[in-house]
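The residues making up each chain are set out below.
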Amino acid sequence: MNTSPFHDLNISSDAVGDGIKLFKRLYDFGYRTIAVNQVVDEVATEPKGKKRKGEKNDVDIVPLPVVVDLPEELAGRLKVLNRLTVRLSDPSQYVKVAQSENLKKYHLLAVTPLNENTFQHLCHTLDVDIITLTAAEKNLRFNRKLYNLAVSKNMYFELSYGLALNSSTNRRDLIQLSHTLHGVGKSKNIIITSSATSYLQIRGPYEVMNLGLLFGLSQDQAKRAISNLPMDVIKKRDGRRFGKNVVTVMKIDDDGSLDEITSKAKRLKKTNEIF
């Protein structure tokens, strides 16, 4: 039985202005973790003018994360993360993002590939949490090899329903995109988000799960797309931010001396035995 709380890992920073109406609606619907998303376009990473010789560019291309002040009654009950999404058509520009000091202050990192070359580079080379796909990217060519490569690297594909709410064209394109992903990858590692720019665009988890069925997901996949898988995304990013740790557990006899314990620990470290 799936008992994981519900997540929405893409709430536009524009929606934060709705304040308590946004956060209360999310909480009342059953969401317990959300991510406030800020988008950086590739053009923003380009220098505005030529630098003089020896001159340093101290402007960080990644903005500081939005600071969210939760209503007092939701503090400790609704977890808010910060997410950065980079729209990328030239893979070489990603280096500037990766070197950003502000990037370290975000919990999640997503990339929207704007062409096929960037999508291939993303799957083969980059290490990001989320690959954001919108109706505008429906013409990207997907294949099973690339899809499975991204899955093997614990990257997740995002489908956002927000833009499809008020446009039949976007709705049709999003359904077409989702069925393409199902055809090449059986809808593995797909998360569903709102990309809401207003509290009115937030939909309840069970309505989102029904959308998942429309996207070609199974009932279990649709539920995991807003619960278990977003939680896995967060765990992956935490592992990158804080590093991996290995805990060794040893059984120590009651009469073992300190020297014997130390000797056992050294032998264990040397042989990389883990019990």
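Here the structure is shown first, and the text comes after it.
Rules and cut-offs
Residues numbered from 1 in each chain as written. Predicted model: local features only at pLDDT ≥ 70, side-chain atom pairs only at ≥ 80, totals over all residues. Heavy atoms only, no water. Helix = DSSP H or I, 4+ residues; strand = E, 2+ residues; numbered from the N terminus. Core = buried A, V, L, I, M, F, W, Y, C linked by side-chain atoms within 4.5 Å. Buried < 20%, exposed > 50% of the residue type's maximum accessible area, 1.4 Å probe, protein only. Pairing = 2+ DSSP bridges. Axes fitted to C-alpha atoms, helices over the stretch in contact; angles between N-to-C directions. Contact = heavy atoms within 4.5 Å. Salt bridge = Lys/Arg side-chain N within 4 Å of Asp/Glu carboxyl O. Arc of directions from axis to C-beta. Polar contact = N/O pair within 3.5 Å; in protein donor to acceptor, adjacent residues only side chain to side chain. Phe/Tyr/Trp six-rings, centres within 6.5 Å; stacked < 30°, edge-to-face > 60°.

*Asks:* Just to check I follow, could you spell out the environment of Lys 79 for this structure?
*Replies:* Mapping Lys 79 onto the fold places it in strand E3 (residues 79–88). Between the alpha carbons of Lys 79 and Arg 32 there is a distance of 6.1 Å; along the sequence they are 47 residues apart.

*Asks:* It is not clear to me how the nonpolar core should be interpreted in this structure. Could you clarify?
*Replies:* For soluble globular proteins, the rule of thumb is that nonpolar side chains tend to be buried together. Ranked by internal contacts, the top residues of the largest apolar core, which has 58 residues, are Leu 84, Ile 131 and Phe 157. Membership of the second largest hydrophobic core comes to 11 residues, among which are Ala 110, Ile 130, Tyr 156 and Ile 191.

*Asks:* Got a minute to help me understand the sheet that holds E3 in this structure?
*Replies:* Pairing is parallel across the open sheet formed by 7 strands, whose spatial order is E1-E2-E3-E4-E5-E6-E7. Two strands close off the open sheet at either side, each with one partner strand: strand E1 (6–12) and strand E7 (190–193). Averaged over neighbouring strand pairs, the angle between their axes works out to 30° when direction is ignored. By the bridge criterion, 6 bridges tie E3 to strand E4 (residues 108–113) in an arrangement that is parallel. Counted as the bridge partner of Leu 84 is Leu 109 from E4. Docked against the sheet, helix H3 (residues 116–124) engages E3, E4, strand E5 (130–133) and strand E6 (156–160), running at close to 145° with respect to E4.

*Asks:* Help me understand the pattern of salt bridges, please; the structure alone is not making it clear to me.
*Replies:* Side-chain pairs of opposite charge can arise whenever the charged atoms involved come near each other. A complete count under the given rule lists 7 salt bridges for this structure. Notably, a salt bridge pairs Lys 24 with Asp 28, separated by 2.8 Å at the nearest N-O pair. Within this pair, Lys 24 and its partner Asp 28 are both found in helix H1 (residues 20–29), separated by 4 residues, close to a single helical turn. Exposure remark for Asp 28: the relative accessible area of 52% places this residue in the exposed category. In this structure, the salt-bridge partner of Glu 116 is Arg 141, at a minimum N-O distance of 3.0 Å. You can see Glu 116 sitting in helix H3 and its partner Arg 141 sitting in the loop between E5 and helix H4 (144–152), a full 25 residues away along the chain. Of the residues examined, Glu 116 reaches a relative accessible area of 24% and is grouped as partly exposed. Among the residues examined, Arg 141 registers a relative accessible area of 58% and is labelled exposed.

*Asks:* Explanation requested: unusual backbone geometry in the structure shown.
*Replies:* Note: most peptide bonds trans; most residues except glycine with negative phi. At Asn 154, a residue that is not glycine, the phi angle is positive and equals roughly 60°. Looking at the secondary structure, you find Asn 154 in the loop between H4 and E6. On the basis of relative accessible area, Asn 154 is assigned to the partly exposed category, the value being 41%. At Ser 187, a position not held by glycine, the phi torsion is positive, near 60°. Looking at where Ser 187 falls in the secondary structure, it is placed in the loop between helix H5 (168–185) and E7.

*Asks:* Mind showing me how you'd approach H3 here?
*Replies:* Because an α-helix packs 3.6 residues into every turn, residues spaced three or four apart end up facing the same way. Restricting attention to buried positions, one finds in H3 the residues Thr 118, Phe 119, Leu 122 and Cys 123. Summarising the axial view, the buried residues of H3 lie within an arc of 130°, below the 170-degree limit, and thus occupy one face. Where H3 begins, the capping side chain belongs to Asn 115, and its oxygen is found 3.3 Å from the backbone nitrogen of Asn 117.

*Asks:* Just checking my understanding: could you explain the environment of Gln 93 for this structure?
*Replies:* Position of Gln 93 relative to the elements: it lies in the loop between E3 and helix H2 (94–98). Since its relative accessible area comes to 8%, Gln 93 is described here as buried. Considering only alpha carbons, one finds Gln 93 and Glu 42, 51 residues apart in sequence, at a separation of 7.1 Å.

*Asks:* How should I be thinking about the packing of aromatic side chains in this particular structure?
*Replies:* Two measures describe an aromatic ring pair: the distance that separates the ring centres and the angle between the ring planes. Per the counting criterion, the structure on display carries 3 aromatic pairs. Each ring, one from Phe 6 and one from Tyr 206, has its centre 5.8 Å from the other, and the planes form 75°; the classification is edge-to-face. Of this pair, Phe 6 sits in strand E1 while Tyr 206 sits in helix H6 (residues 205–214), placing them 200 residues apart in sequence. Residue Phe 6 is classed as buried on the basis of its relative accessible area, which comes to 11%. Here Tyr 206 falls in the exposed class, since its relative accessible area comes to 56%.

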